[in-house]
Amino acid sequence: MSKVSLGIDHPVVTVRDLARAREQYRRLGFAPNPVGFHPWGTTLSLLMFKDNFIELISVSDSSKFGSHSGGFCYGRNVSRFLERVEGLGLVALHSKDGRRDHARLVAQGLKSQGLIDFRRELKKPDGSPDEAVVTLGLFLNEEQRDVSQFICHQHRPDLVWMPEWQHHPNGVEAVSAVTYLAENPLDLLPRFLAFYGDVAYSNELLEVDTGCGTLRAVSPVRARQMFGDVPLPDWGADPAPHGIAISVSTPLFSQLESLWVVHGIKCQESPSGSLLVPPQHCGNVLLEFVRSPPTKPKARHRPETKL
């Protein structure tokens, strides 16, 4: 698991029908892990990779809103998002010390909705029950509500990054990037700077290397340069900045189209050569599949030659 502080831990794809979303992602070659439940009335399933993952989330029981969450109701926040749209609602950033990272970010000027400590029951791959222990530090963006992040400290990472859940028929092994759309990407610069302090900007692309994937914001013009004419997620008439794409990497890139054609899924090649799956197959998120970088061969030990 990644040891990078504030690297991309998991983008959250918020959907109205979790069973349907899990089947959509299964048809794309992912292997969603077993369905789980949060104590505040939401239900989830994870697409696990080596250092990060994608979370599919929905509402399961609105009567539990407000439970186990202090002054902020995570479940109600998910519900209000779904009243408007499905898609990329939040991005979790990795933390190995939730309280320390939370205090540091607040000191750097980010407004927080507080900390949430909770436990989530789960079943391990062998079917035995256990319990994940999590601390969340909430940093929801009041000015651009759909460009919101939170920090996530998994106290039992062994119960999340299980090797048995990291094998996908499509070979995906990492979330490599998350992309937001903004009329003026520089509007998000103060937020990116508060989190990371080192941000690049060029040709209507705002970009930061988190150490575990890239966060970027692009203008509509730059989005078309990157993704061609593939349909973008339907966000209605709302012009506010919002998440549009999750990029994932796989060493099985050349096999993807033959995997998808069996399920009637048509992809499109981007101008850069990546493969794009339209939002209707992915919970109103554009999925970009890129080739994994080649692995470096391990140096062979050569025994000394004595003269």
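Scroll up a little and you will see the structure.
Since this is a predicted model, take the numbers as computed values, not measurements.

## Some thoughts on the packing of aromatic side chains
Considering all chains together, one arrives at 11 aromatic pairs under this definition. Plain terms: the ring middles of Trp-40 and Tyr-74 are 5.3 Å apart, the flat faces sit at 35° to each other, and that makes the pair tilted. Of this pair, Trp-40 sits in the loop between strand 2 (36–37) and strand 3 (42–48) while Tyr-74 is found in helix 2 (residues 74–84), placing the two residues 34 residues apart along the sequence. When the centroid spacing of 4.6 Å and the interplanar angle of 65° are considered together, the rings of Trp-40 and Phe-118 count as edge-to-face. Residue Trp-40 is found in the loop between strand 2 and strand 3, and its partner Phe-118 is found in strand 6 (residues 114–123); the two are separated by 78 residues along the sequence. Each member of the pair, Trp-40 as well as Phe-118, is classed as buried.

## Some details on the sheet that holds strand 11 (residues 205–209)
One open sheet holds the eight strands; their spatial order is 10-11-12-9-13-16-15-14, and the pairing between them is mixed. Every other strand in the sheet has two partners, leaving strand 10 (200–202) and strand 14 (268–269) as the edge strands with one partner each. Taken together, the six bridges between strand 13 (residues 242–250) and strand 16 (residues 286–291) define a ladder with parallel strand orientation. Note that in strand 16 the partner of Val-248 across the bridge is Phe-289.

## Considering the pairing of strand 8 (residues 148–154)
Burial of strand 8 is extensive: seven of the seven residues sit out of reach of the surface. A two-sided burial pattern is seen for strand 8, the buried positions comprising Ser-148, Phe-150, Cys-152 and Gln-154 on one face and Gln-149, Ile-151 and His-153 on the other. Taken together, the six bridges between strand 5 (residues 87–95) and strand 8 define a ladder with parallel strand orientation. Directly across from Val-91, in strand 8, lies its bridge partner Gln-149. In the sheet, strand 7 (residues 129–139) pairs with strand 8 via six bridges, with the strands oriented antiparallel. By the bridge assignment, Leu-136 is partnered in strand 8 with Cys-152.

## Thoughts on the side chain of Thr-135
Mapping Thr-135 onto the fold places it in strand 7. Thr-135 gets classed as buried once you look at its relative accessible area, which sits at 2%. Looking at Thr-135, its side chain comes within polar contact range of the side chain of Asp-117, at 2.6 Å. Within polar-contact distance, the side chain of Thr-135 engages the side chain of His-155 at 2.7 Å.

The rules behind the values
- Residues numbered from 1 in each chain as written.
- Predicted model: local features only at pLDDT ≥ 70, side-chain atom pairs only at ≥ 80, totals over all residues.
- Heavy atoms only, no water.
- Phe/Tyr/Trp six-rings, centres within 6.5 Å; stacked < 30°, edge-to-face > 60°.
- Helix = DSSP H or I, 4+ residues; strand = E, 2+ residues; numbered from the N terminus.
- Buried < 20%, exposed > 50% of the residue type's maximum accessible area, 1.4 Å probe, protein only.
- Pairing = 2+ DSSP bridges.
- Polar contact = N/O pair within 3.5 Å; in protein donor to acceptor, adjacent residues only side chain to side chain.

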